Amino acid sequence: MICQKPYACLVTIVCLIAFSNASAQTKNNTLYTAGHASAFIGGLYDAVYPYSKVKQHGDFGLGAPDKLDGEVLILDGKIYQTQSTGKTFEVKDSELTPFAVVNFFKGQKTEKTAQKLTKNALFTYLDSLLSNKNGIYAIKITGSFNTVKTRAFPPVKKPYLPLAEMLSLQHFFTFENVKGTLVGYRIPAFMDGPNITGYHFHFLSDDKKDGGHIIDLLTNGITIKIDQLDSFMVDIPQTKDFDNFDFSKDRREEVKKVENGKKD
């Protein structure tokens with residue numbers, strides 16, 4: 001068929017392309033990883049990804065600041081950094097990160113519990129809700145907490161050491177009777193290496209003044225929203241440091257130490 005009105009045809013084509021893209025975005029629920037977890041854990045702390053680029057792939061997630069000055073959390077499209085001083089603030093999109101994981105959070109399933117759960121008990125409870133052991137899950141937990149213990153690393157200078165060798169530099173914070181949000185993921189074992197597998201959560205208080213990487217907690221009444229993702233992509237750093245990084249070393253034990261904030 002020959003189009004007699006070129007402008008009308010052009011409009012139709014543009015609309016079809018837009019509809020196709022929108023349908024693809026609705027169908028796919030993708031975890032986007034900026035950077036490589038093993039490389040980051042191993043000492044690649046120089047930032048290369050603008051937050052503006054990261055936010056094109058998600059409004060929910062977590063990560064690290066440039067040169068490891070604390071911890072990062074992304075919630076409702078806003079980026080928050082908790083420094084080793086304990087100061088928490090919103091970060092500009094123009095700043096950079098060496099590692100972040102994000103997705104557009106949809107909250108497909110909601111559960112509520114008034115149980116008082118420690119971190120380990122919470123993870124066991126989550127296991128009962130997340131039926132696919134090889135599923136990729138984004139998890140948002142809101143509510144009140146009797147106690148939340150978090151940590152943040154201080155800024156570091158070259159030559160960088162692996163994170164597991166800097167655990168003595170961690171700064172810890174304890175918050176009592178606080179309301180806030182846990183932002184995190186449960187990543188399956190087959191994604192080990194580029195991502196941190198298992199559970200990984202960061203915290204942000206409702207007043208946006210406190211945060212950090214979760215070390216321990218005790219819940220008091222929480223709402224859990226779960227988003228099961230169906231794909232993932234990894235944006236590999238285009239740097240000489242990454243090109244020359246030694247990936248032959250098994251860092252799984254290092255990751256466990258860093259996640260728990262303990263040497264043993």
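Because the structure is a prediction, the values reported are computed rather than measured.

Draft legend 1. Local environment of the pattern of salt bridges. Scanning all chains against the criterion turns up 12 salt bridges. Note that glutamate 71 is salt-bridged to arginine 151, the shortest N-O span being 3.0 Å. Of this pair, glutamate 71 sits in strand β4 (residues 71–75) while arginine 151 sits in strand β10 (residues 136–152), and the two are 80 residues apart along the sequence. Its relative accessible area of 2% is what places arginine 151 among the buried residues. A salt bridge links aspartate 241 to lysine 158; the nearest nitrogen and oxygen atoms lie 4.0 Å apart. Of the two residues, aspartate 241 is situated in helix α5 (residues 240–243) and lysine 158 in the loop between β10 and β11 (171–187); the sequence distance between them amounts to 83 residues. Residue class for aspartate 241 comes out partly exposed when judged on its relative accessible area of 41%. Through salt bridges that share partners, Asp46, Asp66, Lys67, Lys158 and Asp241 make up one connected network.

Draft legend 2. Summary view of helix α4 (residues 119–129). For α4, every residue scored as buried is listed here: Lys119, Leu122, Phe123, Tyr125, Leu126 and Leu129. End-on view of α4: buried residues confined to an arc of 160°, all on one side of the axis. Turned more than 90 degrees away from the buried face of α4, the exposed residues are Asn120, Thr124 and Ser128. Structurally, α4 contributes buried residues whose contacts are with β9 (109–113), β10, β11, β12 (198–205), β13 (211–229) and α6 (252–260).

Here is what the cut-offs are and how they apply
Residues numbered from 1 in each chain as written. Predicted model: local features only at pLDDT ≥ 70, side-chain atom pairs only at ≥ 80, totals over all residues. Heavy atoms only, no water. Salt bridge = Lys/Arg side-chain N within 4 Å of Asp/Glu carboxyl O. Helix = DSSP H or I, 4+ residues; strand = E, 2+ residues; numbered from the N terminus. Buried < 20%, exposed > 50% of the residue type's maximum accessible area, 1.4 Å probe, protein only. Arc of directions from axis to C-beta. Contact = heavy atoms within 4.5 Å.

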